[in-house]
Amino acid sequence: MIEEISSNKMFGGVQKHFQHMSESVKCKMRFAIYLPKCADKNSPVPVLYWLSGLTCTDENFVQKAGAQRIAEALGIAIVCPDTSPRGNDVADDENQSYDLGLGAGFYINATEKPWSDHYKMYDYIVDELPKLIEDNFPVSNKKSISGHSMGGHGALTIALKNPDKYCSVSAFSPIANPVNCAWGQKAFNAYLGSDEQLWQQHDASILMEASNQHVPALVEQGLADNFLEEQLKPESLILAASNNNYPLLLNQHEGYDHSYFFIASFIESHLHFHAKHLGKS
């Protein structure tokens, strides 16, 4: 059962927020959904799932990206889940750092205690949430996935691991090679333990180089991004795509940073990219 939290009309469609009790992460979860006015049970629309980055919630993209106008014009629903489980019983980093625990689920299934009790974000995004959306809203089973930073990592790895489920994938400033950056190493060591073979199953560059079933991929990267060299490592993704002849388009932009100003600048082209592969343009 889902509970509506808010509803606002936008561009003829409607932006809504809901919460529900999740079986995957064993706590209440929130998500946002934008439904274009053309969506009804006789004309279901495809869905773009958006995964946000570190410290974010289901609200950041909704409020800052400016995507609803384009989604309305293209006839696409957008679903934005939260970035981690939350609640008094959910484990958090004892040092309250921003890159582990609440707001930092990394879209994987944790195997290590105490994280494994709730941090099953991979199962939530891949299986539970799409079923919930398709059961409760006038949407089809055609879907694509996108995200920013940690969410870009999530979008790429989820699409690469499930090429039969997604028509296309895109990312803004993704953590492209997490096994070789501090953010990824910290999260993977905590959530997955010390087995680096397990880490590699959630690394977009490694997955892309090994992929034998390709999902069309688009990536945007700002060259004034403070995290570019130490954390994001887009060159690893470029090399992986080149080595595997993977259909990746990676655009690099002078002067753009890691913020939602960057996302808002290029979100329209990403929505058109997904619309093409979802059969909406």
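Residues numbered from 1 in each chain as written. Predicted model: local features only at pLDDT ≥ 70, side-chain atom pairs only at ≥ 80, totals over all residues. Heavy atoms only, no water.

Engineer: Sorry, what's going on with the overall build of the protein chain here?
Structural biologist: In terms of regular secondary structure, the protein chain is built from 10 helices and 9 strands. A globule of 281 residues ought to have a C-alpha radius of gyration of about 19 Å, and the protein chain, at 17 Å, matches this closely. Principal-axis analysis of the C-alpha atoms gives the protein chain an extent of 50 × 45 × 35 Å. Here the protein chain holds 281 residues, and the buried ones make up 60% of them. When the 21 basic and 33 acidic side-chain charges of the protein chain are each reduced to a single mean position, those positions are 10 Å apart. (Helix = DSSP H or I, 4+ residues; strand = E, 2+ residues; numbered from the N terminus. Rg over C-alpha atoms; globule rule 2.2 N^0.38 Å. Buried < 20%, exposed > 50% of the residue type's maximum accessible area, 1.4 Å probe, protein only. Lys, Arg positive; Asp, Glu negative; His and termini not counted. Charge placed at Lys NZ, Arg CZ, Asp CG, Glu CD.)

Engineer: Can you walk me through the nonpolar core in this structure?
Structural biologist: Grouped burial of nonpolar side chains is what soluble globular proteins tend to show. Phe106, Ile145 and Tyr191 are the most contacted members of the largest nonpolar core, which has 70 residues in total. Top element by residues in this core is helix 3 (residues 121-136). It accounts for 8 residues. With sequence-adjacent residues up to four places away left out, Phe106 is seen in contact with Leu54, Thr83, Asp99, Met150, His153, Ile175, Trp183, Gly184, Ala187, Phe188 and Tyr191. Formed by 23 residues, the second largest nonpolar core is a distinct cluster that contains Ala32, Phe61, Ile70 and Ala71. (Core = buried A, V, L, I, M, F, W, Y, C linked by side-chain atoms within 4.5 Å. Contact = heavy atoms within 4.5 Å.)

Engineer: Explanation requested: the pattern of salt bridges in the structure shown.
Structural biologist: As a working rule, side chains carrying opposite charge can pair if their charged atoms are close by. What the rule picks out here adds up to 8 salt bridges. With a closest N to O distance of 3.7 Å, Arg69 and Glu268 form a salt bridge. Here Arg69 is found in helix 2 (residues 68-74), whereas its partner Glu268 is found in helix 10 (residues 260-278), with 199 residues between them in sequence. Because the salt bridges share partners, they merge into one network encompassing Arg30, Asp58 and Glu59. (Salt bridge = Lys/Arg side-chain N within 4 Å of Asp/Glu carboxyl O.)

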